[in-house]
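Below, each chain spelled out in residue letters.
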Amino acid sequence: MMRFTPALFNHTEALLAELLRSPFPADSVVSRYFRQHRELGHADRGFAAETVYAVLRRKRSLSARCGDDVTSRRLLLATLACVNGMNRRELDSVLREVEGKWLAQAKAVKLEELPPAVRLDLPDWLYETLNTLFCADEVETLAMSLNQSAPLDLRVNQLKAERDSVLARLQADGIAAEACRYSPLGIRLNGKPSLARHPLFLDGSIEVQDEGSQLLGFLVQPKRGEMVADFCAGAGGKTLLLGAMMRSQGRLYAFDVAEKRLAKLKPRLARSGLSNVHPVRIESEHDIKIKRLAGKLDRVLVDAPCSGLGTLRRNPDLKWRQTPDSVAELNAKQASILSAAAGLVKKGGRLVYATCSLLEAENEAIVSAFLAAHPEFVSLSAADVLGKQGVEIGAAMCADDRLRLLPHRHGTDGFFAAVLQRT
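First, a word on scope: everything that follows refers to the structure included in this document. No experiment lies behind these values; they were computed from the predicted model shown.

1. A few points about the overall build of the protein chain
Of regular secondary structure, the protein chain possesses 21 helices and twelve strands. Rg of the C-alpha trace for the protein chain: 23 Å, near the compact-globule value of 22 Å for 423 residues, within the 12% margin. For the protein chain, the spread of C-alpha atoms along the principal axes amounts to about 75 × 45 × 40 Å. Each of the 423 residues in the protein chain was classed as buried or not, and the buried ones make up 55%. In the protein chain, the proportion of contacts linking residues at least 24 apart, taken out of those at least 6 apart, comes to 72%. Carbon and sulfur atoms provide 51% of the accessible area of the protein chain, an area that totals close to 18,600 Å². Charge-centre separation for the protein chain: the mean point of 58 positive side chains lies 5 Å from the mean point of 50 negative side chains.

2. Observations concerning helix H9 (residues 124–133)
Note on helix geometry: an α-helix contains 3.6 residues per turn, so any two residues three or four positions apart are oriented the same way. If you check which residues of H9 are buried, you get Trp125, Leu126, Tyr127 and Leu130. Contacts from the buried residues of H9 go to helix H8 (116–119), helix H10 (136–146), helix H17 (318–321) and helix H18 (324–342).

3. Things to note about the packing of aromatic side chains
The description of two aromatic rings rests on the distance between their centres and on the angle between their planes. Under the definition given, this model contains six aromatic pairs. With a centroid separation of 5.6 Å and an interplanar angle of 0°, the aromatic rings of tyrosine 253 and phenylalanine 255 are classed as stacked. When its relative accessible area of 10% is taken as the criterion, tyrosine 253 is described as buried. Three or more aromatic residues link up through ring pairs in this structure, and these residues are Phe4, Phe9 and Phe47. Between arginine 271 and the ring centre of phenylalanine 201, over which it is positioned, the NZ or CZ distance is 4.2 Å.

4. Digging into the pairing of strand S12 (residues 415–422)
Among the eight residues that make up S12, six are buried, leaving the element largely enclosed by the rest of the structure. Sheet topology places strand S9 (residues 345–355) next to S12; six bridges connect them, and they run antiparallel. For alanine 354, the partnering residue across the bridge sits in S12 and is alanine 417. With four bridges joining them, strand S10 (residues 377–380) and S12 adopt antiparallel strand pairing.

5. Things to note about the environment of glycine 85
The topology assignment puts glycine 85 in the loop between helix H5 (72–83) and helix H6 (88–91). For glycine 85, a relative accessible area of 53% corresponds to the exposed category. Not counting residues within four places of it along the chain, the set of residues in contact with glycine 85 comprises Leu80 and Glu90.

6. Some words on the pattern of salt bridges
Once their charged atoms are close, side chains differing in charge can pair, the charge on each being opposite to the other. A full pass over the atoms with the stated rule returns 28 salt bridges. Between aspartate 256 and arginine 261 there is a salt bridge, with its nearest N and O atoms 2.9 Å apart. Measuring nitrogen to oxygen at the nearest pair gives 4.0 Å for the salt bridge that ties glutamate 376 to arginine 422. Of the two residues, glutamate 376 is situated in the loop between helix H19 (364–373) and S10 and arginine 422 in strand S12; the sequence distance between them amounts to 46 residues. Under the relative-accessibility criterion, glutamate 376 is labelled partly exposed at 25%. Linked through salt bridges whose partners overlap, the residues forming this network are Asp210, Arg313, Arg314 and Asp413.

7. Some points on the sheet that holds strand S2 (residues 177–179)
Strands in a sheet are paired, the pairing made by backbone hydrogen bonds, and the direction either parallel or antiparallel. Ordered by their spatial adjacency, four strands build an open sheet running S2-S3-S1-S4, and the pairing between neighbours is antiparallel. Edge positions in the open sheet fall to S2 and strand S4 (206–208), since each of these has one partner strand only. In this sheet, neighbouring strand axes are inclined to one another by 30° on average, regardless of whether the strands run parallel or antiparallel.

8. Some details on unusual backbone geometry
At serine 248, a position not held by glycine, the phi torsion is positive, near 60°. With respect to the helices, strands and loops of the structure, serine 248 is situated in the loop between helix H14 (237–245) and strand S6 (251–256). Serine 248 sits in the buried class, given a relative accessible area of 15%. Although it is not a glycine, aspartate 401 sits at a positive phi angle of roughly 75°. Overall, aspartate 401 belongs to the partly exposed group, its relative accessible area being 30%.

9. Comments concerning the packing of H5 against helix H7 (residues 99–108)
Packing of H5 against H7 brings their axes to within 10 Å, and their N-to-C directions diverge by 60°. Regarding the angle of H5 to H7, the classification is oblique. Taken as a pair, H5 and H7 cross one another with a handedness that is right-handed. Of the residues in H7, those touching H5 at Arg73, Arg74, Leu77, Ala78, Ala81 and Cys82 are Glu99, Trp102, Leu103, Ala106 and Lys107. In the contact of H5 with H7, the residues fall into seven nonpolar, no polar and four charged.

10. What about the pairing of S9?
Counting buried residues along S9, eight of its eleven residues qualify, which places the element largely inside the surrounding structure. Sheet analysis places strand S8 (residues 297–303) next to S9, joined by six bridges and oriented parallel. Residue pairing in the sheet places arginine 299 in a bridge with arginine 350 of S9.

11. Here we look at the side chain of glutamine 221
As for its position among the elements, glutamine 221 is in the loop between helix H13 (211–220) and strand S5 (227–230). Take glutamine 221: its relative accessible area is 18%, and that puts it in the buried class. Polar side-chain contacts of glutamine 221 include one of 3.0 Å to the side chain of arginine 350. For glutamine 221, the contacting residues outside a window of four places in its chain are Arg299, Arg350, Val385 and Gln389.

12. Brief notes about the nonpolar core
Leu219, Leu386, Leu403 and Val419 are the most contacted members of the largest nonpolar core, which totals 36 residues. For this core, the secondary structure elements donating two or more residues are H13, H14, S6, helix H15 (259–272), S9, helix H20 (382–387), strand S11 (403–405) and S12. Broken down by element, this core gets its largest block of residues, five residues, from H13. Within the second largest apolar cluster, 34 residues are counted, among which are Cys66, Leu75, Ala78 and Leu80.

Cut-offs applied
Along each chain, residue indices are assigned from 1 in the same order as the chain's sequence is written. With pLDDT at 70 or above as the cut-off, local features in this predicted model cover only qualifying residues; side-chain atom pairs require 80 or more to be listed or tallied, and sums for whole chains, interfaces and linings still use all residues. Side-chain calculation: all heavy atoms of the structure are included, whereas hydrogens and water are not. Strands are runs of DSSP state E lasting at least two residues, helices are runs of H or I lasting at least four, and both sets are numbered from the N terminus onward. The quantity called the radius of gyration is restricted to C-alpha atoms. Its globule counterpart is 2.2 Å times the number of residues to the power 0.38. Buried residues are those whose accessible area, probed at 1.4 Å on protein chains only, stays under 20% of the maximum for their type, while exposed residues exceed 50% and partly exposed ones sit between those limits. Residue contacts are defined here by distance: any two heavy atoms, one from each residue, within 4.5 Å place the two residues in contact. Every accessible area reported is derived by Shrake-Rupley at a probe size of 1.4 Å, with residue values counting cover from the shown protein chains alone. In summary, the charge assignment counts Lys and Arg as positive and Asp and Glu as negative, without counting His or the chain termini. Charge positions come from single atoms, namely NZ of Lys, CZ of Arg, CG of Asp or CD of Glu. Centre distance within 6.5 Å is the pairing criterion for rings of Phe, Tyr and Trp, where only the six-membered ring of Trp is used; planes under 30 degrees apart are then read as stacked, over 60 as edge-to-face, and the remainder as tilted. Two conditions define a charge located above a ring, namely a distance within 6 Å from the ring centre to NZ of Lys or CZ of Arg, and an angle within 35 degrees of the ring normal. Each pair of strands is called paired provided DSSP finds at least two bridges between the two strands. A side-chain nitrogen of Lys or Arg and a carboxyl oxygen of Asp or Glu constitute a salt bridge if their distance falls within 4 Å. Axis definition: a line fit to C-alpha positions, over the contact stretch in the case of helices; interaxial angles, taken between N-to-C directions, run 0 to 180 degrees. Each angle gets one of four labels, with under 35 degrees taken as roughly parallel, over 145 as roughly antiparallel, 65 to 115 as roughly perpendicular, and the rest as oblique. Crossing handedness follows the turn of the near helix against the far one: under a right angle anticlockwise gives a left-handed crossing, and clockwise gives a right-handed one. Note on residue classes: Ala, Val, Leu, Ile, Met, Phe, Trp, Tyr, Cys and Pro are nonpolar, Asp, Glu, Lys and Arg are charged, and everything else, Gly too, is polar. In protein, a polar contact means a hydrogen-donor-capable atom and an acceptor-capable atom, both N or O and within 3.5 Å, with residues adjacent in sequence counting only if both atoms are side-chain atoms; elsewhere, any N or O pair within 3.5 Å suffices. Residue types Ala, Val, Leu, Ile, Met, Phe, Trp, Tyr and Cys, when buried and joined through side-chain atoms within 4.5 Å, form a set referred to as a nonpolar core.

Below, the structure is given as structure tokens:
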């Protein structure tokens with residue numbers, strides 16, 4: 001049981017200060033801090049992590065509450081009072097004498113009187129971009145959804161278990177869980193229990209994976225005995241899904257430019273029971289290891305490096321890190337990767353391009369330019385591909401043959417995917 005104490009407040013303040021000045025991703029900063037402070041228990045870590053992430057989500061409106069003196073301490077106090085709802089009595093043990101009046105003023109700020117981008121905690125450029133894609137009311141609903149903490153989704157490894165049996169086991173262990181709405185392999189937990197030592201996790205029966213990410217595997221639809229590539233494999237969440245869908249038969253390449261990311265795949269691979277996965281570090285999308293496979297693969301997934309703006313529920317720091325210039329740099333990389341990956345696909349083969357971005361520049365624009373330059377590829381209907389596998393989704397999710405997932409509409413991270421076939 002977590003008890004709010006001055007010591008816990010001080011740890012949270014120190015972690016927040018480190019986060020705000022660090023150039024590294026928030027999750028890596030948080031993990032490093034907890035490794036350095038092993039005296040913090042599970043509940044204390046949970047409080048500290050959730051609180052600093054709340055600051056990152058609401059940093060712009062919280063800064064407006066702080067007035068002219070925006071410090072990590074003031075941001076933290078404003079979060080505890082205005083976001084977490086802690087009252088003056090609960091905060092007495094950490095409040096300095098001169099802070100009581102300031103905190104009352106911070107709580108009295110009327111958010112509805114702030115500029116929309118400030119009130120919705122978005123940088124101006126992103127707010128303006130979203131307004132070109134959605135109506136004003138939906139931008140507000142989307143922004144509010146992105147400012148919530150994401151649920152914890154699991155994927156059942158069909159090589160080792162069935163969803164019903166996993167659900168029954170979790171519920172028997174006192175873990176509230178339900179079947180995901182769209183993914184046939186998905187389970188959504190109520191809360192965020194620690195699963196690292198749960199038998200189902202240790203034996204590879206379950207993996208943590210957002211429901212939207214799971215649906216990308218069904219768009220690839222790999223079959224036993226095929227040659228398949230996860231072109232930007234990262235830590236391998238989708239690789240493991242593809243391998244299980246192949247029943248560990250055939251050959252599945254996991255390409256990535258980062259040795260550290262592929263290293264994270266190894267223990268997951270060992271738990272999964274898969275024997276058909278071949279992790280390969282590449283120098284770039286033009287590596288000779290890729291060129292040797294030209295025209296030989298049945299299916300290729302390109303989960304392209306992107307702004308990650310569809311994952312702000314999990315990675316709120318990204319909205320403060322990305323800029324129009326960084327997105328433009330990503331666009332050039334996305335186009336190059338998609339073109340290189342297309343060279344692997346044999347006639348009749350399938351290419352799936354996906355991002356976890358909300359931006360048209362990273363999604364529709366990249367696919368449209370690719371199709372214009374590669375007439376040998378045609379679009380397939382994402383709704384049809386999913387429907388044939390028993391995955392029923394709304395028509396609005398697959399307009400113009402593309403899959404578009406949004407947190408406020410579908411309860412998943414924001415995803416875009418296009419299914420392309422080489423004729």
